[in-house]
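This is what each chain is made of:
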Amino acid sequence: SAVISQKPSRDICQRGTSLTIQCQVDSQVTMMFWYRQQPGQSLTLIATANQGSEATYESGFVIDKFPISRPNLTFSTLTVSNMSPEDSSIYLCSVYKGAEAFFGQGTRLTVV
Amino acid sequence: AQRVTQPEKLLSVFKGAPVELKCNYSYSGSPELFWYVQYSRQRLQLLLRHISRESIKGFTADLNKGETSFHLKKPFAQEEDSAMYYCALATSGTYKYIFGTGTRLKVLA
């Protein structure tokens, strides 16, 4: 299994600012994923982060808006840049291990 | 297009009644399907996957390729089953998940 810690658990931010979300895993994993869950909607994959390479972004998400770092096999960050109220969502970190996906508890972001 | 559809946002049943949470998918390849559950104030966690054909907490789900469905069933609902349930499809070889919009199950006493 894998235990994921995400920080912060929630934040309220001013529009135009940036927030960096941290994801720490208790074991080494190859692939880490970042999801977004907008109010009343499903989880949508933002990007896949592999250690030692650039993150791979899904359609509709770009690196300038959601830069990702993956410095080692247990840690990743997602930055939400130049925030607007439309970025208010829950952001989740996930890893795939042993044929199962594990999730962090999420970061609830409110942009005002 | 790859898609997972859960038609019910909310499903309310009485304790002891049967439960069926519907999930339909659209995927051109060979799907790997999962049910994830999120209990109140807890993180999303795996309930079951179609490959293992197991029963977890009394829940079962059968993959029906003809109907492209993966409905979640339990013969007798318990109050502790109240949670948010998500059906998910993993695209082969990528480990990327496509989630449905979720169904909130409320089991009434």
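Visitor: I'm lost on the overall build of chain A in this one. Help?
Guide: Helix and strand counts for chain A come out as 0 helices and 11 strands. N-terminal to C-terminal, the α/β element order of chain A is β-β-β-β-β-β-β-β-β-β-β. On C-alpha atoms alone, chain A measures out to a radius of gyration of 13 Å, which is about the 13 Å that the 2.2 N^0.38 rule sets for 112 residues. In terms of overall dimensions, chain A has C-alpha extents of about 40 × 25 × 20 Å along its principal axes. Burial status across chain A gives 52% buried among its 112 residues.

Visitor: Can you help me understand the state of the cysteines in this one?
Guide: In protein structure, a disulfide is the covalent linkage between the sulfur atoms of two cysteines. With the rule as written, the count across this model stands at 2 disulfides over all chains. There is a disulfide in this structure between Cys-23 of chain A and Cys-93 of chain A, and the S-S distance comes to 1.9 Å. Judged by the sign of its S-S torsion, about -65 degrees, the cystine formed by Cys-23 of chain A and Cys-93 of chain A is left-handed. Of the two residues, Cys-23 of chain A sits in strand 3 (residues 19–25) while Cys-93 of chain A sits in strand 9 (residues 89–97), which places them 70 residues apart along the sequence. Paired through a disulfide, Cys-23 of chain B and Cys-87 of chain B show a sulfur-sulfur distance of 2.0 Å.

Visitor: Could you clarify how one ought to interpret the sheet that holds strand 8 (residues 72–74) of chain B in this entry?
Guide: Remark on secondary structure: sheet strands pair via backbone hydrogen bonds, oriented parallel or antiparallel. Residue and element names in this part refer to chain B. An order of 3-8-7 is seen for the 3 strands of this open sheet, with the pairing classed as antiparallel. Of all the strands in the sheet, just strand 3 (19–21) and strand 7 (60–61) have a single pairing partner and so form its edges. The pairing of strand 7 with strand 8 spans 2 bridges and is classified as antiparallel. Each residue of the ladder has a partner; that of Thr-60, found in strand 8, is Lys-73.

Visitor: Would you take a moment to explain the pairing of strand 2 (residues 10–14) of chain B for this structure?
Guide: Moving residue by residue along a regular strand, the side chains alternate between the two faces of the sheet. All names here are of chain B. Across the two faces of strand 2 the burial differs, with Leu-11 and Val-13 buried and Leu-10, Ser-12 and Phe-14 not buried at all. Relative to strand 11 (residues 103–108), strand 2 runs parallel, the two sharing 5 bridges. Paired with Phe-14 across the two strands is Leu-108, which belongs to strand 11.

Visitor: Looking at this structure, how should I read the interface of chain B and chain A?
Guide: Many analyses report the size of an interface as the accessible area lost when the parts associate. If you look at the interface, chain B gives 15 residues, while chain A gives 18 residues. Counting each side, the surface lost to burial between chain B and chain A is near 1,500 Å², with a carbon and sulfur contribution of 54%. Ranking the residues of chain B by area buried against chain A places Arg-43, Tyr-95 and Lys-96 of chain B at the top, with a combined share of 38%. Where chain B meets chain A, there are 2 salt bridges. Where Lys-96 of chain B meets Glu-58 of chain A, a salt bridge forms, and the shortest distance between an N and an O atom there is 2.9 Å. Run the count over chain B and chain A and you get 8 residue pairs in polar contact (both at pLDDT 80 or more). Counting residues per element, the ones that place at least two in the side of chain B that touches chain A are strand 5 (32–38), strand 6 (45–49) and strand 10 (97–99) of chain B. Counting residues per element, the side of chain B that touches chain A draws most heavily on strand 5 of chain B, which supplies 3 residues. Looking at the side of chain B that touches chain A residue by residue, the class counts come to 8 nonpolar, 3 polar and 4 charged.

Visitor: What am I meant to see in the sheet that holds strand 3 of chain A here?
Guide: All names here are of chain A. Pairing within the open sheet is antiparallel, and its 4 strands lie in the order 1-3-8-7. Taken across any chain shown, the strands that pair with only one partner, and hence form the sheet edges, are strand 1 (4–7) and strand 7 (68–72). The sheet shows a mean angle of 15 degrees between the axes of neighbouring strands, direction not considered. Of the strand pairs in this sheet, strand 3 and strand 8 (residues 75–80) are connected by 6 bridges, and their pairing is antiparallel. Across the sheet, residue Gln-22 finds its bridge partner in strand 8, namely Thr-77.

Rules and cut-offs
- Residues numbered from 1 in each chain as written.
- Chains lettered and ligands numbered in written order.
- Predicted model: local features only at pLDDT ≥ 70, side-chain atom pairs only at ≥ 80, totals over all residues.
- Heavy atoms only, no water.
- Helix = DSSP H or I, 4+ residues; strand = E, 2+ residues; numbered from the N terminus.
- Rg over C-alpha atoms; globule rule 2.2 N^0.38 Å.
- Buried < 20%, exposed > 50% of the residue type's maximum accessible area, 1.4 Å probe, protein only.
- Disulfide = S-S within 2.5 Å.
- Pairing = 2+ DSSP bridges.
- Contact = heavy atoms within 4.5 Å.
- Buried area = accessible area lost by both parts, 1.4 Å probe.
- Salt bridge = Lys/Arg side-chain N within 4 Å of Asp/Glu carboxyl O.
- Polar contact = N/O pair within 3.5 Å; in protein donor to acceptor, adjacent residues only side chain to side chain.
- Nonpolar A, V, L, I, M, F, W, Y, C, P; charged D, E, K, R; others polar.
- Axes fitted to C-alpha atoms, helices over the stretch in contact; angles between N-to-C directions.

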